[in-house]
Structures are given as C-alpha cells and as structure tokens.
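Each chain is listed here by its residues.
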Amino acid sequence: MDDTPWAIEIDGLTKRFERLAGPPRLAVDNLTMRVPRVGVHGFLGPNGSGKSTTIRLLLGLVRPSAGTMRILGTPVPAQLPQVIGRVGAIVERPRFFGEFSARKNLRLLATSIGVPGRVVEEVIDLVGLSDRATDRYATFSLGMQQRLAVAATLLKDPQVVIFDEPTNGLDPAGIREMREMIRTLADRGKAVLVSSHLIGELEQVVDSVTIIRGGRRLAEGMIDEVLGRRTILRVGVAEPARAAGVLRANGWAVDERPRHLEVTGDWPAELVTRQLADVGLWVSELHVARASLEQRFLELTALPEPAYPLRRIA
Ligand SMILES: Nc1ncnc2c1ncn2[C@@H]1O[C@H](COP(=O)(O)OP(=O)(O)OP(=O)(O)O)[C@@H](O)[C@H]1O
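Residues numbered from 1 in each chain as written. Predicted model: local features only at pLDDT ≥ 70, side-chain atom pairs only at ≥ 80, totals over all residues. Heavy atoms only, no water.

Participant: Residue-level account of the pattern of salt bridges, with values.
Facilitator: Within the structure shown, the criterion is met by 19 salt bridges. In this structure, Glu 239 and Arg 242 form a salt bridge, with 3.1 Å as the shortest nitrogen-oxygen distance. By relative accessible area, which is 38% here, Glu 239 ends up partly exposed. The class of Arg 242 is partly exposed, set by a relative accessible area of 37%. Taken together, the salt bridges that share partners define one network made up of Arg 103, Arg 107 and Glu 121. (Salt bridge = Lys/Arg side-chain N within 4 Å of Asp/Glu carboxyl O. Buried < 20%, exposed > 50% of the residue type's maximum accessible area, 1.4 Å probe, protein only.)

This is how it looks when you write it as structure tokens:
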C-alpha cells in the first residue's frame with residue numbers, strides 16, 4: 001500500500017469529546033485533508049481549532065468518533081503498528097536525562113531501538129547540535145531541547161515527520177532554527193506536517209497548507225494559491241484622483257493616500273505603469289511591497305464559513 005502520493009489521507013474525520021457537564025464538544029468535524037508525500041505541509045488554524053486533536057487521532061492517542069485515516073497508505077489506527085516505525089512525531093516534550101549529555105541521551109535511545117551509533121552522529125549534525133553534543137541536557141535552552149527532541153525522532157529515519165506547534169515558546173532565533181530544520185527534512189525527501197496558529201512563523205517554509213477552524217477545513221492547497229500572495233504597490237503620480245479612476249477601471253483596488261496611491265491587485269507592477277502611461281499619466285514613484293500572508297490568514301479565519309472557496313491540491 002505504498003504507492004499513494006499522499007503521506008497522510010484523512011476523510012470525514014470527526015471527534016466528539018463527551019463531557020460530564022454539558023453537551024459533547026466537537027473538536028474535529030468531518031475533516032478531509034491530504035498531506036503530500038514530500039514537502040512541508042502547514043496545518044494552520046487558530047487556538048482550539050482542532051489541530052492537536054487531529055494529530056493525536058493520527059497517532060492513535062485518541063480514538064475517532066467517525067472517519068478514516070491513512071498514513072503512507074496504511075489505515076490507522078487499525079494497522080498503526082505496521083506504519084508507526086516510519087512516522088516521527090514531536091507532540092509533547094520528550095523526557096531526557098538532565099545529567100547526561102545530548103549525545104549520551106541519544107545513544108541510550110538509539111541502543112534501545114537498535115539503531116547504530118553512527119546514526120546518532122548524523123542526526124546530531126542534522127539538527128545543528130554538534131557544538132553542544134557533550135553538554136548536559138539540563139543546561140539546554142528550550143530551542144536546543146526542541147532540537148534534541150527532533151534528533152531523537154530522526155533516529156529511526158522516519159518518512160513522515162509530525163510537529164505540533166514546534167515554535168511555541170521559542171525566541172526568534174529558535175524559531176528560525178526550527179524553520180531551517182523543517183526545511184532540511186523536506187529537502188531530504190520527507191513529508192513534514194507542522195501545525196501552527198501563527199502562519200507568520202512558517203510562511204517561508206511551507207509548501208502547502210490545510211487551514212481549519214472549529215474542527216472544519218476552510219481551505220487547502222499550495223500556500224500562494226490558498227492565501228493569495230497579492231501585489232501591493234505604492235504609486236506616486238501627478239494626478240492621483242484621475243490615476244485612481246483609471247486603475248480602478250482596470251480592476252486594481254486603490255486607496256488614495258495624501259502623497260501616493262496604494263494599489264493592490266493580482267498582477268505584475270509593470271501593468272500599472274503601462275495602464276497609466278496609456279492615458280498620459282506618468283508614474284514618478286513605484287514601490288513594490290508584498291501582502292503579508294499573516295494578514296490574509298487572519299482575514300480568512302475570521303470570515304463567516306460559507307464564504308470560503310474550498311481549494312484542493314492539484
Ligand atoms: N480531552 C478533551 N476533552 C474535551 N475537550 C477537548 C479535549 N481535547 C481537546 N478538546 C477541545 O477540542 C477543541 C480542539 O482542541 P485542540 O487542542 O485540538 O485545538 P488546537 O487547534 O490544537 O489548539 P491549540 O493551538 O490551542 O493547541 C478545543 O475546544 C478543546 O478544548
């Protein structure tokens with residue numbers, strides 16, 4: 001069952017948590033999701049949207065109320081033992097011995113799962129801990145602890161790597177290192193599923209995304225397609241009111257500011273110059289900015305649900 005293009009396939013997944021007081025809580029609601037076999041897939045949604053529950057369902061830590069899931073083509077949780085060896089998950093902070101060095105902690109783990117010592121050195125290098133491998137774990141910063149957790153997961157050379165909110169609690173340098181590590185794994189041919197409620201921390205590293213809210217999928221696809229990386233231009237021109245009219249007629253959204261126009265659209269900047277020149281208006285300033293994906297993500301997750309276009313990965 002290994003010929004599927006998907007690392008993870010989820011169909012109609014539903015999880016209802018029964019509660020002693022009050023009605024059951026629907027944490028995941030008829031969720032369908034595809035994670036490609038290679039690349040970084042961002043699993044994005046506000047806090048409490050059901051990301052952790054979905055990951056816990058995939059890993060057999062919680063039982064689904066309904067729906068089907070496959071990892072590398074193998075149905076889970078029914079056949080999870082057959083595939084779990086090819087999945088590395090960093091869901092909770094693993095326990096390491098504080099008095100042992102990073103290397104010693106990894107060697108212990110490697111021995112317990114029958115992995116040779118040279119692999120320990122490879123993963124230490126891969127997560128960028130070579131300089132600190134002999135330091136005691138107790139002295140590690142949160143970022144280094146995270147990297148050691150990733151190293152431990154990589155010992156068995158998983159095909160699919162799952163991170164639940166890996167940037168939580170990290171400082172900007174730690175976030176950057178985590179991003180680089182995630183990218184390295186994807187560049188080595190792995191499928192990386194990474195959840196976050198902060199798109200801004202991951203936008204440079206994800207190839208495709210699934211966005212959820214209230215346990216339901218809002219959008220799915222390649223990141224640029226889903227979040228619409230739009231062009232924003234700052235345009236200086238002699239007759240701003242007339243220029244604004246011309247650009248609006250050509251489909252641009254135009255905001256008239258005191259000294260310039262802010263022009264937003266899906267097309268290249270050259271079109272603005274040409275469209276204005278065609279009517280005898282000359283551009284004195286043209287500055288290209290990019291819309292922040294974070295802004296678009298917040299707009300998207302704040303919209304009323306039926307308004308979303310549901311997009312799929314081609
Ligand atoms: N064991 C549980 N019992 C009852 N409700 C639960 C349980 N686990 C999660 N929930 C609820 O399910 C919903 C989804 O939670 P979940 O932790 O999956 O969201 P999340 O997207 O991972 O959020 P965060 O980013 O805050 O971790 C929330 O309303 C949460 O309170």
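Participant: Explain the sheet that holds strand β7 (residues 160–164) to me, using residue names and the numbers behind them.
Facilitator: A sheet is described by the order of its strands in space; here six strands give the open sequence β6-β7-β8-β3-β9-β10, paired in mixed fashion. Pairing within the sheet leaves two strands with one partner each, and these edge strands are β6 (87–90) and β10 (216–222). Across this sheet, the average inter-strand angle for adjacent strands is 15 degrees, counted without regard to direction. Pairing of strand β3 (residues 39–44) with strand β8 (residues 191–196) involves six bridges; the strand directions are parallel. Note that in β8 the partner of His 41 across the bridge is Leu 193. Sheet contacts for helix α5 (residues 142–154): β6 and β7; angle to β6, the most-contacted strand, approximately 160 degrees. (Pairing = 2+ DSSP bridges. Helix = DSSP H or I, 4+ residues; strand = E, 2+ residues; numbered from the N terminus. Axes fitted to C-alpha atoms, helices over the stretch in contact; angles between N-to-C directions. Contact = heavy atoms within 4.5 Å.)

Participant: If you had to explain the domain arrangement of the protein chain to someone new, which residues and values would you point to?
Facilitator: Structurally, the protein chain comprises domain 1 (6–227) and domain 2 (231–290). When each unit is reduced to the centre of its C-alpha atoms, the spacing between domain 1 and domain 2 is 44 Å. (Domains from an automatic or database assignment.)

Participant: Pulling in residues and values, what's your account of the site of the ligand?
Facilitator: Around the ligand, the neighbouring residues are Phe 17, Arg 25, Ala 27, Pro 46, Asn 47, Gly 48, Ser 49, Gly 50, Lys 51, Ser 52, Thr 53 and Glu 165. Within the side chain of Asn 47, one N or O atom sits 3.0 Å away from an oxygen atom of the ligand. A distance of 3.2 Å is found between an oxygen atom of the ligand and a side-chain nitrogen or oxygen belonging to Glu 165. Computed on the free molecule, the ligand has an accessible area of 630 Å², of which 65% lies beneath the protein chains in the complex. Contributions of two or more residues to the shell around the ligand are made by β2 (25–36) and α1 (51–58). Along the lines of polarity and charge, the residues of the shell around the ligand split into three nonpolar, six polar and three charged. (Near = heavy atom within 4 Å. Polar contact = N/O pair within 3.5 Å; in protein donor to acceptor, adjacent residues only side chain to side chain. Areas by Shrake-Rupley, 256 points an atom, 1.4 Å probe, with all protein chains shown as cover. Nonpolar A, V, L, I, M, F, W, Y, C, P; charged D, E, K, R; others polar.)

Participant: Can you tell me about the environment of Arg 248, naming the residues and giving the values?
Facilitator: Along the chain, Arg 248 falls in helix α9 (residues 240–249). The residues contacting Arg 248, other than those within four sequence positions of it, are Val 254 and Glu 256.

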